[in-house]
Every structure is written in structure tokens, then in C-alpha cells.
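# An overview of the molecular structure
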Amino acid sequence: MNQPADLVLVFDRDEELAAFPSLPATEAGLEAIDVADGEYAAFTAEGRLVDLRAPEGAEGPVLAAHTEEDGREDLERHLARFWARHPDHTPLSPEDAARLLLDGGPRAVRRGPRRSWNPFRRHRAPRP
């Protein structure tokens, strides 16, 4: 079982939420083009900021690293906006929300293609 510090919650600009069980899973699950464009805010379940980078730009790898920076207030604001979009669900703590998503939570909370649990993966036209 993963510890809360291993869990990563990632919000996109639309306040959709994805959860990852670890930093390596986060790196594999996000697209470098979106990280390079600053699309995401990432946190541990304990409220520490997670630094997301795409040092080689849109075509390179995504790097994720824990920081010591306290982001609990920002995490709470993101979660509040996320749960406001899903009023049929009882708001959960960061850890419980991450575990719900990782366990294949309710369809109304899981967004995006149903073949993938990562709501940020969606088909889009190539960027010019």
C-alpha cells in the first residue's frame, strides 16, 4: 500500500483531478506539452507541492519531484473547486480522493475517456 506522501494529486486548468500512486507514475501519466505549458498544479496528499517540469520541452520527458514547500491552502482550494463541480459526491480528504480515483471511483468523478483512468489524456488536434 502506498503511503500518503507517495500519492500525487494533479489538477488541470479546468480543476479536473487526476491521482497517481507515485512520482514515476505521475511522470508517465502526464504529457510533456501540457507540463511545459503550465497546465497543472500538483500536490502530495499531505499538501506539499510537487514540482512538474518538462526540461526538454513538449517532446521530452516529464519530471516530477517532491518539494518542501507547503501547498495545503492551494490544495484545499483546488479540491473545493473540484468537489463543487461534483455536488452529487461527498467531498473527501486529499488522500481519500486520490484513493477513490486510483480505485476507479464513481463515473461522475472520473472524467475523460473510460478506457484510461487518467482524465487528462484526451484526443486533440496536433498543435501547430
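It should be emphasised that the depicted structure is a prediction, and the values quoted were computed from it without experimental measurement.

Quick look at the overall build of the protein chain now. Looking only at helices and strands, the protein chain features 4 helices and 5 strands. Overall, the protein chain shows an N-to-C arrangement of helices and strands of β-β-α-α-β-β-β-α-α. Buried residues in the protein chain amount to 38% of all 128 residues. Here the contacts in the protein chain between residues at least 6 apart in sequence split such that 56% fall between residues at least 24 apart. On the protein chain, roughly 7,200 Å² of surface is accessible, and the fraction owed to carbon and sulfur atoms is 49%.

On to the environment of G71, then. Mapped onto the secondary structure, G71 falls in the loop between β5 (63-70) and α3 (72-84). Judged by relative accessible area, which is 2%, G71 ranks as buried. Spatially, the C-alpha atoms of G71 and F43 are 7.1 Å apart, while their sequence positions differ by 28 residues. Leaving out residues up to four positions away in the same chain, G71 has contacts with F43, G47, R48 and L49.

Okay, the packing of aromatic side chains next. What the rule picks out here adds up to 2 aromatic pairs. Measuring from centroid to centroid gives 5.0 Å for F82 and W83, while their planes differ by 70°, and the two rings are edge-to-face. By relative accessible area, F82 is classed as buried at 0%. Looking at W83, the relative accessible area reads 7%, which means it is buried.

The next point concerns the confidence of the model for the protein chain. On average, residues of the protein chain score 82 in pLDDT, and 77% of them are at 70 or above. Confidence, expressed as mean pLDDT per element, reaches its minimum in the protein chain at helix α4 (residues 94-102) with 90 and its maximum at strand β4 (residues 48-53) with 97. Of the regions scoring below 50 in pLDDT, residues 107-128 engages in 45 contacts with residues more than four places distant in sequence or in other chains.

The next subject is α3. For α3, built from 13 residues, the straight-helix expectation of 18 Å at 1.5 Å per residue is met to within 8% by its first-to-last C-alpha distance of 18 Å. L75, H78, L79, F82 and W83 are the residues of α3 that are buried. Buried residues of α3 fall within an arc of 130° about the axis and therefore sit on the same side. Pointing more than 90 degrees away from the buried face of α3 are the exposed residues E73, E76 and A84. Elements in contact with the buried residues of α3: β1 (8-11), β2 (17-20), β3 (41-44) and α4.

This part is about the side chain of E16. One can find E16 in the loop between β1 and β2. Looking at E16, its side chain comes within polar contact range of the side chain of R85, at 2.8 Å.

How each quantity is defined
Residues numbered from 1 in each chain as written. Predicted model: local features only at pLDDT ≥ 70, side-chain atom pairs only at ≥ 80, totals over all residues. Heavy atoms only, no water. Helix = DSSP H or I, 4+ residues; strand = E, 2+ residues; numbered from the N terminus. Buried < 20%, exposed > 50% of the residue type's maximum accessible area, 1.4 Å probe, protein only. Contact = heavy atoms within 4.5 Å. Areas by Shrake-Rupley, 256 points an atom, 1.4 Å probe, with all protein chains shown as cover. Phe/Tyr/Trp six-rings, centres within 6.5 Å; stacked < 30°, edge-to-face > 60°. pLDDT = per-residue confidence, 0-100. Expected span 1.5 Å × (residues − 1). Arc of directions from axis to C-beta. Polar contact = N/O pair within 3.5 Å; in protein donor to acceptor, adjacent residues only side chain to side chain.

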